[in-house]
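So you can see what is in the structure, the chains are spelled out below.
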Amino acid sequence: MFLIVMHQIMTGHEECVQMLLEQEVSILCKDSRGRTPLHYAAARGHATWLSELLQMALSEEDCSFKDNQGYTPLHWACYNGKLIVTWLIAADFLPQQPL
């Protein structure tokens, strides 16, 4: 199920992502590089559902946002020039949790 969520986020199929999220798929599952769906959503600039993904991630008990290289979704958004996503993360979530 995790790989399906990753693929749908990377390809931008919002309806499919929403359906999978309704099935309560963990947002913090990691791939072999330690990246979560949050990393991919931030890197691709999917601001539409990033806020919801972040809320879900923050509600999970063990919310580690760093990948194997130590990068967070905020790092990936900045690296890929996704300014709206960078602003969204900084404005809404930096006061609560270091991303």
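Computed from a predicted model, the values in this text were never measured in an experiment.

K.L.:
Tell me about helix α3 (residues 37-44), and name the residues and values.
P.N.:
Of all the eight residues making up α3, seven are buried; the element is thus mostly covered by neighbouring parts of the structure. Three or more residues of α3 are buried, namely P37, L38, H39, Y40, A41, A42 and A43. G45, located one to two residues past α3, shows a positive phi value of around 80 degrees.

K.L.:
A description of the nonpolar core should follow, citing residues and the corresponding values.
P.N.:
By size, the foremost hydrophobic cluster in this structure holds 18 residues, and its most contacted members are L38, L50, L53, F65 and I89. Within the residue set of this core, elements represented by two or more residues are α3, α4 (47-59), α5 (73-79) and α6 (83-93). Element by element, the count of residues in this core is highest for α4, at five residues. Dropping the residues within four chain positions of it, L38 is found in contact with I27, L28, L50, L53, L54, A57, F65 and P73.

K.L.:
For the packing of aromatic side chains, give the residues involved together with the corresponding values.
P.N.:
As enumerated under the stated definition, the model contains two aromatic pairs in all. Pairing Y71 with W76 gives two aromatic rings, centres 5.9 Å apart and planes at 85 degrees, and the pair type is edge-to-face. Judged by its relative accessible area of 16%, W76 falls in the buried class. With 5.8 Å between their ring centres and 85 degrees between their planes, W76 and Y79 make a pair best called edge-to-face. Here W76 and its partner Y79 are both found in helix α5, three residues apart, which amounts to about one turn of the helix. Joined through ring pairs, the aromatic side chains of Y71, W76 and Y79 make up one cluster.

K.L.:
How would you summarise the pattern of salt bridges if you had to cite specific residues and measurements?
P.N.:
Counting across every chain of the model gives one salt bridge. In this structure, the salt-bridge partner of D67 is R35, at a minimum N-O distance of 3.5 Å. With D67 in the loop between α4 and α5 and R35 in the loop between α2 (14-22) and α3, the pair connects residues that are 32 residues apart, well separated along the chain. Like R35, D67 is buried.

K.L.:
Now, about the environment of A43: what can you tell me, with residues and values included?
P.N.:
Assignment of secondary structure puts A43 in helix α3. The exposure class of A43 is buried, given its relative accessible area of 16%. Sequence separation between A43 and G81 is 38 residues, and the spatial gap between their C-alpha atoms is 8.3 Å. A43 has contacts with W76, A77, N80 and K82, leaving out every residue within four places of it along the chain.

Calculation criteria
- Residues numbered from 1 in each chain as written.
- Predicted model: local features only at pLDDT ≥ 70, side-chain atom pairs only at ≥ 80, totals over all residues.
- Heavy atoms only, no water.
- Buried < 20%, exposed > 50% of the residue type's maximum accessible area, 1.4 Å probe, protein only.
- Helix = DSSP H or I, 4+ residues; strand = E, 2+ residues; numbered from the N terminus.
- Core = buried A, V, L, I, M, F, W, Y, C linked by side-chain atoms within 4.5 Å.
- Contact = heavy atoms within 4.5 Å.
- Phe/Tyr/Trp six-rings, centres within 6.5 Å; stacked < 30°, edge-to-face > 60°.
- Salt bridge = Lys/Arg side-chain N within 4 Å of Asp/Glu carboxyl O.

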